[in-house]
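Chains, contacts and geometry: an overview
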Amino acid sequence: MITRTESTMTLAILLLLLTSETSAFSTTTRRTSSSQTIRRKTLPFFISTTTPTTAAPENVASLENSISPTTIVSNESFLVVDAASAAAPEHTISSMLERAVGKVSDDRFHLIPEYSSGKVPRLFSSLTYDEITGQAQHVSGSVLGAAALICGTTIGAGVLALPQATAAAGFLPSSFAMISAYVYMTMSGLLIAELIMNQMGTTGKTGTGLLQLYKSSLNAPLSALGSGAYFFLHYAVMIAYFAQGGVNVDGLLQSVGVGGSVLEAVPGLGQAVFATVCGLSLYATRPDAMQKVNNVLVAGVGAAFLGILTIGAQTADFGTLIDPVNQHPSQVVNCLPILFLALVYQNVVPTVVNQLEGDRTKVMQAIIAGTTAPLLMFLAWNAIVLGNVAGADLGGMDPVALLQQASGGQVLGPLVATFSSLALVTSVIGFTHGLLDAWTDVFKVSPETIEENGENSKLKAPLYALVFGPPLLLSMANPDIFYSALEYGGAFGVSVLFLFLPPIMVWSERYGEEAKPLVAKPMVPFGKLALGSMYKIAATLVLEQGAEKLGVFDYIKEHFLA
């Protein structure tokens, strides 16, 4: 009997086999004995442009006599380099590793040589002018502030779904999977930062957003795929947040005496109240004031979380938590969509690059620090929640809900409810701005111009309706959609937007035939190996989840493996 996990592994192996070879048209460089740099394409040794044929070994000697070691025969299709090197290809370990990993020639970094060499750390300088003195002052963002922005964005409502997603796999296998997801999501942010800095250097413009980046770096079909994935992810997450926020509001209404009869008479009342309060607050509050409110809410999230850890650790059964009997690695693949979704922060990477003025070192430090803190928090959260329900028969129930009923629940209950509500609100704020930026990009207006007294202020109300209307209606129609919406968003939105497209864009930029000039040195090591592993994992996840959602695995089991 072939299990679903074995089917998934077979699917992954087939995909890896199909895509294991690097592109035959990637550009490489080598140096001649006279230190002259020669570009060539890694095609078979063609000697004709009209009827390409591969030179047989016996013909190489004659070619050596007719082509000198430094002669380049070129045309519109390809470049043929000296036959001597073709006759004696290098097979050293270093050359094989270089071909597998890929190397970006130093002469590609000629646009801003001072920056590429590290003599000048930043791409531009942010200046403010004192109206009284008329003097300009340099205002540079801090690594700590940028890391805090990434951390706050990552710590959202997705953490609420982690225990339910990982309970079946067990704490140890799911922790390994979470660390792996963290590595790839951190790599994703670094790749996006590299793309943005290269675009800044080549265009001389700052303020590049994700959608604009995808449109300028991809062909039309992939650009459309990226835009679709962006909207799909944001709306799926907003639907989940409104659904869970409504559940929290329903509980609050019941606690103040609004009975179940009222809630039954008005289906979706909690979702409507939650979305309306969030929407009107964001609509009426200035962006700078909302940022201050968000900072207070994030502090509240941190305080509630520390309280949960302190109290929950006293009742957790850590022995049962790590008991080998409760570890089920075969179930890990099922929790990957939620793990990736919980670690999303890439929508603020353009802001971080701008705040840190394109300083490569500072951007790397901010991204790594800003993603490591949430990882540690998520691991601790999972340990506390699963440790308190270890050995219990969940029966499909959310472990977070069971945690509120555990020993000490009189304190844990309100703390978990507070943490859940604050995490939802802070997440809604971030994703609302993400959707507003996307829609203003579609309508080709600046986000700043839709605010009060802006030239496009009349568009503010319709844009907010576009952001809040669809997810509110869907969440009211299905208040229990929280987990499913997050799972779909992680499986298809995150996988495509942050794991599949960024490595493709970087691969094209670094190793494409055009050999475009670059500004930022590679921010993720191991070149093609790292890029290839990212998009292969993303493609495998999309195919596996798509097959599961469509019932392909169940159909195979029922008709072929029964």
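Residues numbered from 1 in each chain as written. Predicted model: local features only at pLDDT ≥ 70, side-chain atom pairs only at ≥ 80, totals over all residues. Heavy atoms only, no water.

A count of helical and extended segments in the protein gives 23 helices and six strands. Taken across its 562 residues, the protein has 44% of its residues classed as buried. Of the contacts made within the protein by residues no fewer than 6 positions apart, 80% connect residues no fewer than 24 positions apart. As presented, the protein carries roughly 26900 Å² of accessible surface, and 62% of it is formed by carbon and sulfur atoms. (Helix = DSSP H or I, 4+ residues; strand = E, 2+ residues; numbered from the N terminus. Buried < 20%, exposed > 50% of the residue type's maximum accessible area, 1.4 Å probe, protein only. Contact = heavy atoms within 4.5 Å. Areas by Shrake-Rupley, 256 points an atom, 1.4 Å probe, with all protein chains shown as cover.)

Another aspect to go through is the packing of helix H10 (residues 220-255) against helix H21 (residues 482-511). In the contact formed by H10 and H21, the axes pass within 8 Å of each other and the chain directions differ by 155 degrees. One finds that H10 runs roughly antiparallel with respect to H21. Seen from above, H10 lies across H21 with left-handed handedness. A per-class count over the contact of H10 with H21 returns 23 nonpolar, four polar and no charged. (Axes fitted to C-alpha atoms, helices over the stretch in contact; angles between N-to-C directions. Parallel < 35°, antiparallel > 145°, perpendicular 65-115°, else oblique. Left-handed = near helix turned anticlockwise from the far one by under 90°. Nonpolar A, V, L, I, M, F, W, Y, C, P; charged D, E, K, R; others polar.)

Below, the discussion takes up the confidence of the model for the protein. In this model, the protein carries a mean pLDDT of 78, and residues with pLDDT of at least 70 account for 79%. This stretch, residues 9-88, has a pLDDT under 50; its non-local contacts, to residues over four places away or in other chains, come to 105 contacts. (pLDDT = per-residue confidence, 0-100.)

Now for the packing of helix H12 (residues 269-284) against helix H20 (residues 460-477). The N-to-C vectors of H12 and H20 enclose an angle of 165 degrees; their axes lie 10 Å apart at closest approach. By the criterion of interaxial angle, the relationship of H12 to H20 is roughly antiparallel. Between H12 and H20 the crossing geometry is right-handed. Residues Gln 271, Ala 272, Ala 275, Cys 278, Gly 279, Leu 282 and Tyr 283 of H12 form the contact with H20, whose participating residues are Lys 460, Ala 461, Tyr 464, Phe 468, Leu 472, Ser 475 and Met 476.

Turning to the pattern of salt bridges, a few remarks are in order. By the definition in use, this model includes three salt bridges. Glu 194 is the salt-bridge partner of Arg 510, the closest N and O atoms lying 2.9 Å from each other. Note that Arg 510 is positioned in helix H21 and Glu 194 in helix H8 (residues 171-203), a separation of 316 residues in sequence. Given a relative accessible area of 3%, Arg 510 falls into the buried group. As a salt-bridge pair, Lys 215 and Asp 441 come within 3.1 Å of each other at their nearest N and O atoms. Of the two residues, Lys 215 sits in helix H9 (residues 210-217) while Asp 441 sits in helix H19 (residues 409-442), which places them 226 residues apart along the sequence. (Salt bridge = Lys/Arg side-chain N within 4 Å of Asp/Glu carboxyl O.)

The full count for this structure, using the stated rule, is 15 aromatic pairs. Between Trp 381 and Phe 419, the aromatic rings sit 5.2 Å apart at their centres with planes inclined by 35 degrees, giving tilted as the arrangement. Here Trp 381, found in helix H17 (residues 360-388), pairs with Phe 419, found in helix H19; they are 38 residues apart in sequence, far enough to count as distant. Neither residue differs from the other here; Trp 381 and Phe 419 are each classed as buried. (Phe/Tyr/Trp six-rings, centres within 6.5 Å; stacked < 30°, edge-to-face > 60°.)

Below, the discussion takes up a nonpolar patch on the surface. On the surface, a cluster of nonpolar side chains totalling about 530 Å² of accessible area is made up of Leu 550, Val 552, Tyr 555, Ile 556 and Phe 560. A relative accessible area of 35% means that Val 552 is categorised as partly exposed. (Patch = residues over 30% accessible without salt bridge, like charges linked within 9 Å, V, L, I, M, F, W, Y side chains within 5 Å.)

Turning to the environment of Asn 478, a few remarks are in order. Considering the arrangement of structural elements, one finds Asn 478 in the loop between H20 and H21. On a C-alpha basis, the gap between Asn 478 and Ala 240 in space is 9.9 Å, while along the polypeptide they are 238 residues apart.

Turning our attention to the environment of Ala 177. Here Ala 177 lies in helix H8. Counting along the chain gives 152 residues from Ala 177 to Pro 329, while the straight-line C-alpha distance between them is 9.5 Å.

Quick look at the nonpolar core now. Ranked by internal contacts, the top residues of the largest apolar core, which has 129 residues, are Leu 162, Phe 378, Trp 381, Phe 419, Leu 486 and Phe 498. If you tally residues by element for this core, the top one is H8, at 15 residues. When neighbours within four sequence positions are excluded, Phe 419 is seen to be in contact with Val 159, Leu 160, Val 301, Ala 304, Phe 305, Ile 308, Met 377 and Trp 381. (Core = buried A, V, L, I, M, F, W, Y, C linked by side-chain atoms within 4.5 Å.)

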